[in-house]
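Structural overview
Listed below, chain by chain, are the residues.
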Amino acid sequence: MFGREQRYEEGESSSSSSSERRPQEAETSARRPQEAEISARRRYDRYGYQGAAGESASGIGRRYDRYQQRLPVDASFAGAEGSGRFDLHEHRLQQEASSNSRIGRRRYDPESSTEASYGRNGRRRYDGYDHPSLVEASSSQGGRARGSGVGQRALGDHSPTLPSDFTPADSISHDLQQRLTLQRPVPPFPIRSQASSYRTPTAVPSSPGVYIPPQRRNQTSRPPLTLLTRSIASGNRRESTEVEIPMPQVTARTEPQMSPASLQVATFASRPGYGTMGKKCRITANHFSVELADRNIHHYHVSITPEVTSQVLSRSLMKEIVHLYGQSHLYRKPAYDGMQGVYTAGPLPFTSKEFMIKLENGNDGTNERRKKEFIVKIRFATSADIHKLREFLLSRESNVPHEIIHALDVVLKHSLLNNRCTLLGKTFFLQGLGARSEIGNGIQCWNGFYQSLRPTQMGLSLNIDVSSKSFYEPIPVIEFAAKFLNLEDPSIMATRPLSNDDRLKLKKVLKGIKVEVTHGGVRRYKICDITEQPTNQLRFTEDGQQKSVVQYFCEKYNIILRHASWPSLRSGKDSRPIYLPMETCTIIAGQRYAKKLNERQVASMLRMTCQRPLRRQEIIHQFADQDDFIRNDFVKEFGVNVSVDMTTIDARVLPPPAFLTLYSLFWLLQLRYHDSGRAKTIRPQAGQWNAQHACWMCVNFSKLKQEAVVNFCKHLVDTCCRKGMEFARNPLFPIQSSPPEQIEVKLLDVYRQCRAEEKQLQMLIIILPEVNAYYGKIKRICETELGIVSQCCQPGHARTCNRIYLQNIVLKINVKAGGQNAILEDTLYGRIPLLTDIPTIIFGADVTHPQSGEDQGPSIAAVVASMDWPTVVTYRGLVSAQPHRSEVIEDLFRVKEDPKRGIVHAGMIRELLLAFQTSTGLKPSRIIFFRDGVSEGMFEMVVLKEMDAIRKACSSLEEGYLPPVTFIVVQKRHNTRLFPTNEDHMDKSGNILPGTVVDTGICHPSEHDFYLCSHAGIQGTSRPAHYRVLLDENEFSADALQMLANDLCYTYARCTRSVSIVPPVYYAHLAAFRARFYLERSGAQYEGGSSTGPDDSRVELPEIDPAVKNVMFYC
């Protein structure tokens, strides 16, 4: 349904959703027989939820249930589906009730909440865990609410009931050592309506489904808390309930020890159903169906003596075994994974056997071994049962058969390696198939193919996609050095020495690569260093005599070195170095360039790899049609048959969150705005502007003349005022200019001027120098030392005063000044399920690592959180450094020792929760956590450790505070691409329409995930975001979560387009990237753990000034 609202006669669509409704609905109908007599029209919004009879047209006060049904009138937490435990993934009821739990599991009674157990002194008793010590201790300590069903909404006289559920912070890690299961979540804050009265405590009868200890029976309740809510109609607060929101009282505890990850087993959220909203369509995906025969695969373990770490050598040894003993001992062609696994289509004639292989010099493609003998032992390990894989694909088995999938993946990749393919990482490069071109500075771009076997709802599928990587150009080292350093012709530079800075740059880029020399025969060496002295000064000892390198090459090889003033390459050990003049060495082809590409290289690579969807499909089919690669006899021996056609799947195009119109080359949102306290709906150019009288000044570090700077500032102020900002026409101080070398001095001078005049500077406009090397330094000084919010501008754009550039700058200035660029109208009317019903905080988290190949420098973790419920467009960000390449965010919660206060609880989650309460006056009753940068192999560790930290942070704020959490991983670095099947389902770029969502066919067989392409394509082929729900205590329906993700993508503050992933993840990435600049030392920017950065990977980031931290400084 594309319209925001449509009217239907009452009951028109009830039959379509009757199968999804719970038993409570029948009870609700019995309580309200007058509903049968209602003849007025009911309103349906775009979510398909039915409003209460007699609701106003504005939709205020709508009531939603997470399963698309109405809540019971009494809004009690009645048990709807029985009792027992709910599994974290499948939410199935389990009748046993004696096992311990992890990550906030809760127990529920089979009876309604009116029959729950009560504690002493009239207080209600809560217990969220089944651990016996907690059950016994709860009689004196209190505990967590027990009950089942969905949470209440603020509906007239029935205000939201938010029960207090708690588990002491020091007990969470202990419970994590047990099997990871979850009960259905309890809303976290117990409150009552003004019109309601305390319930009369009743005894809880024994139930065969749930064990209730004797000391917990016949206990009385304690009065629930009350909470202040906001008036959705006006945006102002109104006291609909009594408020008691005390500031958290922290009881100091020592931090509990986390149990080893190896002892924990996680199962992820199961699929709650399939989405139905949106316009249905058919699209194709780059997945090829795979059929399997009923034959088992035999796994053999491989050990090599002496130990070998190179996969190139390991594959050479296995290839030699097949060549020498294939017909006499093996009788089958094995598939080798390059490490310790060999797979065959049937059993070998032995269970264990050793083979002696003697590799001659050069047989393995390197120069590291000379006529060395290896003993390769092959012994039987296990037989992979295909039946287990079939059961998993049919959702009859919950454990993923990783071993079988890996074995089949190895078979398909081994087939490619046998057919003139080169495997580098996870990408195959084929001879004669895939272009190669230079991208500058001695670097090439190679086009190859990625393939991976994945379990999906349609069975196994082979995911094939185009992949491009950067490589060293196979040219002489002296020529590479000239290209990399942008020097003149090497023949002209031969007589000039190489500067020390250039030498260090070459050392960084050449260290570890392999070169080939031809003097005295073809030999290969690995570069380990570049000499500090020029070649004509290098000497070594030979036969007891000192000899220069220049003399040695002239006498032994008759080579006169022309670049003797340049340093030499060094190989070998420190005790016996081997000096290799650059002009005698050539870089070996096929070596990956893993360093960071510069802007020119990135632009060149994008031009080469950017392909329209139709062209990309053709290239993928070109590879898939190569029958001798993935459809040869070797693959068929294992019973694998790969389809020749891409998979066609069902998809839906979700409706946009507001009316879109094309105006001034921008997609604009019909959003909600406030005008002097009066709400109105308009179509603004860039959103809501509520920065009050922004005071600013400008500093110019470029070569622009004063007149050009004044003209730019005038146009910028005019644009701000024209868009609705109350922006001061004149700066606090006259526009100032300074050379780039005086940046730190000038910024400090600006700070002192404002302090001396006692004027508050809200925005400092900075025109950057022409040399792009000072941005990081400016941000570090302003945000960590001076507490100044700044907006940097490029001198070229400042000279031209381009209108579109000015509008984009204004978007950033507004949010940095505390404004809001876009607000979804549905958030003001409470029309977004599981977001606007109760106070909800949305987190975004990301971890960025140093560049590939760097062995030092910290990883940077960033967490942002919404501060403006229910609009959720303003996010506060925090950053933290952690050990090198550590994936789990370590600073979510921590306990530190303070000399004066003793043990103190801290961490990013705790600080953001407190900031949310300060900003809104409400405690978050629900947490939605979007996590970026997690690979599939890290899912279990990340969700276990980070959820444990979230639980500790919550319970450290207030005893009994454990709001339900939905933990979602957002993946962009995947290889699934979606293509339209006809022109009706494509945009102008040839891509699928924005809002296209897929949750069938190519998705996980049983776990909750979906692909969402929320953005419009500009160039190339759009990449959809992959959302994986690892934990869902809020019990989102498929439609609710997909619509929420799509809606959020329209609220990104830095542009007027929908973006590809939810803004919290974008903001976390921006904050983490910004924190890299804070590592700057001695005027040299620290980029990705380079040698200019600190050696200690556990370096502490400087603290961001509070004045900067309160706004979206990272935009």
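That block above? That's the structure.
Residues numbered from 1 in each chain as written. Predicted model: local features only at pLDDT ≥ 70, side-chain atom pairs only at ≥ 80, totals over all residues. Heavy atoms only, no water.

What follows concerns helix α6 (residues 386-393). For α6, the set of buried residues is Ile 386, Leu 389, Glu 391, Phe 392 and Leu 393. Where the residues of α6 are buried, they touch β7 (279-292), β12 (372-384), α7 (402-417), β16 (443-456) and β17 (459-472). Just past α6, the residue Ser 395 takes up positive phi, approximately 65°. (Buried < 20%, exposed > 50% of the residue type's maximum accessible area, 1.4 Å probe, protein only. Helix = DSSP H or I, 4+ residues; strand = E, 2+ residues; numbered from the N terminus. Contact = heavy atoms within 4.5 Å.)

Another aspect to go through is the pairing of strand β31 (residues 696-700). Taken across its five residues, β31 has five buried, putting it largely inside the fold. Covered by surrounding structure in β31 are Trp 696, Cys 698 and Asn 700 together with Met 697 and Val 699, the residues of both alternating faces. Two strands pair when backbone bridges link them, and β31 and strand β33 (residues 763-767) are joined in this way by five bridges, in the parallel orientation. Directly across from Trp 696, in β33, lies its bridge partner Met 763. Sheet analysis places β31 next to strand β32 (residues 736-737), joined by two bridges and oriented parallel. Counted as the bridge partner of Val 699 is Gln 736 from β32. With helix α16 (residues 706-722) bridging β31 and its parallel neighbour β32, the resulting β-α-β unit is right-handed. (Pairing = 2+ DSSP bridges. Right-handed = clockwise from strand over helix to strand, strands pointing away.)

The omega angle of the peptide bond from Thr 305 to Pro 306 is -5°, so this bond is cis rather than trans. Structurally, Pro 306 can be placed in the loop between β8 (297-305) and α5 (311-330). Along the chain, Trp 869 connects to Pro 870 via a cis peptide bond; the corresponding omega equals 10°. Tracing the sequence through the fold places Pro 870 in the loop between β36 (859-866) and β37 (875-882). Positive phi outside glycine occurs at Asn 558, with the angle close to 55°. One non-glycine residue, Glu 1035, adopts positive backbone phi at about 55°. Mapping Glu 1035 onto the fold places it in the loop between β45 (1025-1032) and α24 (1038-1048).

Moving on, we come to the state of the cysteines. For the structure on display, the rule yields zero disulfides. No disulfide involves Cys 720; its nearest neighbouring cysteine sulfur is the one of Cys 721, lying 6.6 Å away. (Disulfide = S-S within 2.5 Å.)

The next thing to look at is helix α8 (residues 477-484). Burial analysis of α8 places six of its eight residues in the buried class, which makes it a mostly covered element. All of the buried residues along α8 are Val 477, Ile 478, Phe 480, Ala 481, Ala 482 and Phe 484. Directly beyond the C-terminal end of α8, a positive phi value near 55° is found at Asn 486.

Between α8 and helix α10 (residues 500-510), the shortest axis-to-axis distance is 11 Å and the interhelical angle comes to 115°. Note that α8 runs across α10; the crossing there is right-handed. In contact with Val 477, Phe 480, Ala 481 and Phe 484 of α8, α10 contributes Lys 505, Leu 506, Val 509 and Leu 510. A class-by-class count of the residues in the contact of α8 with α10 yields seven nonpolar, no polar and one charged. (Axes fitted to C-alpha atoms, helices over the stretch in contact; angles between N-to-C directions. Left-handed = near helix turned anticlockwise from the far one by under 90°. Nonpolar A, V, L, I, M, F, W, Y, C, P; charged D, E, K, R; others polar.)

For the rest of this paragraph, the subject is the environment of Thr 920. Structurally, Thr 920 can be placed in helix α22 (residues 908-920). Along the backbone, Thr 920 and Met 867 are 53 residues apart, and their C-alpha atoms lie at a distance of 7.1 Å. Of note is the side chain of Thr 920, whose polar atom sits 2.8 Å from the backbone oxygen of Phe 916. A polar atom in the side chain of Thr 920 sits 3.2 Å from the backbone nitrogen of Leu 922. (Polar contact = N/O pair within 3.5 Å; in protein donor to acceptor, adjacent residues only side chain to side chain.)

Pairing in this open sheet of four strands is parallel, and the strands run β32-β31-β33-β34 from one edge to the other. With one partner strand each, in any of the chains shown, β32 and β34 (790-793) form the two edges of the open sheet. Where β33 and β34 come together, four bridges link them in parallel fashion. Residue pairing across strands places Ile 767 opposite Cys 793, the latter belonging to β34.

The next thing to look at is the nonpolar core. Phe 712, Ile 765, Phe 930, Tyr 1027, Val 1062, Tyr 1067 and Tyr 1114 are the most contacted members of the largest nonpolar core, which totals 82 residues. When residues in this core are grouped by element, the largest group, seven residues, is from helix α25 (residues 1063-1077). Among residues more than four places away in sequence, those in contact with Phe 930 are Ile 842, Phe 843, Gly 844, Ala 845, Ile 968, Val 970, Tyr 1027, Leu 1048, Val 1062 and Val 1065. One finds Leu 878, Phe 916, Leu 922 and Phe 929 within the second-largest nonpolar core, a separate group that totals 42 residues. (Core = buried A, V, L, I, M, F, W, Y, C linked by side-chain atoms within 4.5 Å.)

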